[in-house]
Amino acid sequence: MGFYHHHGQGYRDRSGYGFRREDLEGVQAALQEQALPSRKREEEIARALEYGLEAAPSIEDRTIPCFSRGELPHWAGINTFLKVPFLEDVRKVGEHDVAVMGVPFDIGTTYRPGTRFGPQAIRRISALYTPYNFELGVDLREALDMVDIGDVFCVANIEKSFDQITKAVSHVFSSGAMPVILGGDHSIGYPCLRGIAENVEGNVGIIHLDRHVDTQEKDMDERMHTTPWFHATNIPNAPPVNLVQVGIGGWQVPRAGVEVSRKRGTTILTIRDVENMGIEKAAEIALEVAWKGAKAVYLSFDIDSVDCGFVPGTGWPEPGGFLPREALKLLQLVAKEGVAAMEVVEVSPPYDISDTTALLAVRAILDVLATMVIHGKIGKSAK
Ligand SMILES: [Mn+2]
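Conventions used here
Residues numbered from 1 in each chain as written. Predicted model: local features only at pLDDT ≥ 70, side-chain atom pairs only at ≥ 80, totals over all residues. Pairing = 2+ DSSP bridges. Helix = DSSP H or I, 4+ residues; strand = E, 2+ residues; numbered from the N terminus. Axes fitted to C-alpha atoms, helices over the stretch in contact; angles between N-to-C directions. Contact = placed C-beta atoms within 7 Å. Domains from an automatic or database assignment. Nonpolar A, V, L, I, M, F, W, Y, C, P; charged D, E, K, R; others polar.

A few points about the sheet that holds strand 10 (residues 341–345)
If you trace the eight strands from one edge of the open sheet to the other, you get 4-1-5-10-9-6-7-8, paired in parallel fashion. Each edge of the sheet is formed by a strand with only one pairing partner; in this case those strands are strand 4 (146–151) and strand 8 (267–270). With direction set aside, neighbouring strand axes in the sheet form an average angle of 15°. In this structure, strand 7 (residues 243–248) lies alongside strand 8, joined through four bridges in parallel fashion. Across the sheet, residue Gln245 finds its bridge partner in strand 8, namely Ile268. In this fold helix 6 (residues 189–197) packs onto strand 5 (178–183), strand 6 (203–209), strand 9 (294–302) and strand 10, with an angle of close to 175° to the strand it touches most, strand 10.

Written out as structure tokens, the structure is:
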């Protein structure tokens, strides 16, 4: 008699289950996967074999090329965001649905610098992800035409860099592609928004996830990363009444910014607000405020809105922010209505540990894009 023969006595002789397997999201997701197309993956394999040559004869899997081309192996190859094609000729960006662009700019930083390396780190660790999400049932490679257009050339001057950033964002957005912006410190929120607003035939709302208000006029005599929404809401078609700031709180909210938020009437939700009302209600309020009378909404995700235990690699870490799961849920809920562009800012790789901060930045972008695909706000399903 083995010692294990009397284990599991409450379960081993049961007939059937006490639950419905088909009620489980995991079981449903596994079923739904078979309906997803794989045409783009097959095209990628064919292209890889053509350009990268067929593998050596001893390789049994004949989808493997000799030179790495496309997604695999994850650690190999030229590391664009999610290994999507690099678009060198940025004049052609309008032929694509989504354009990932880096803004390696951190001279608007007031404490820990390093976000100039954010785009590089985000791209590098994005290689860890596949284009498919199990629970969401989306394969971004199949659903979206996405390119990486590289970085904006930021110079050693805040205002000149702002002009470069605005020109770049405006070019991408007006061409018809959705800009996905990899920061960079949060000062870029202003020039990015400026590039969107000049192309929208009406008001632009802003959904801003952060621990900090970022609404003071100047910091250290310049338009630093504590100031983007002061200047953005000076743009005539980006009124402060459409700025909703979620996750704000703690000991790093400058009183100068609070005064501006109060006087201009931006809508602030603290983490406690979100906790008390729940993520769903907070998302509903964010959508109501940002969309009221607006024609487009811009999404600004400051990675430091998440508790610093999860995102050590950021310029102004703060304990007490969102859990990663909460932030991702909130992003998904607000992305359902669609966003004109998205930025992820304040990823500072020199302070990161095991790439966790950059990993969350990638995840935020992928979750937003997948949500927009599901709800027909981008890609083939939107046309
Ligand atoms: Mn912040």
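Focus: unusual backbone geometry
Cis geometry is adopted by the peptide bond preceding Pro73, which originates at Leu72 and carries an omega value of -15°. In the segment running from Gly183 into Gly184, the intervening peptide bond is cis, with an omega of 10°. The residue Gly184 is located in the loop between strand 5 and helix 6 in this model. Despite not being glycine, Asp214 has its phi angle at roughly 55°, a positive value. Within the secondary structure, Asp214 is located in the loop between strand 6 and helix 7 (228–232).

Observations concerning the domain arrangement of the protein
Each assigned domain of the protein is listed with its residue range as follows: domain 1 (25–77) and domain 2 (81–382). Computed from C-alpha coordinates alone, the two centres of domain 1 and domain 2 are separated by 31 Å. Listed by partner, the interface residues are 14 residues for domain 1 and nine residues for domain 2. Taken together, the residues of the side of domain 1 that touches domain 2 break down into four nonpolar, five polar and five charged.

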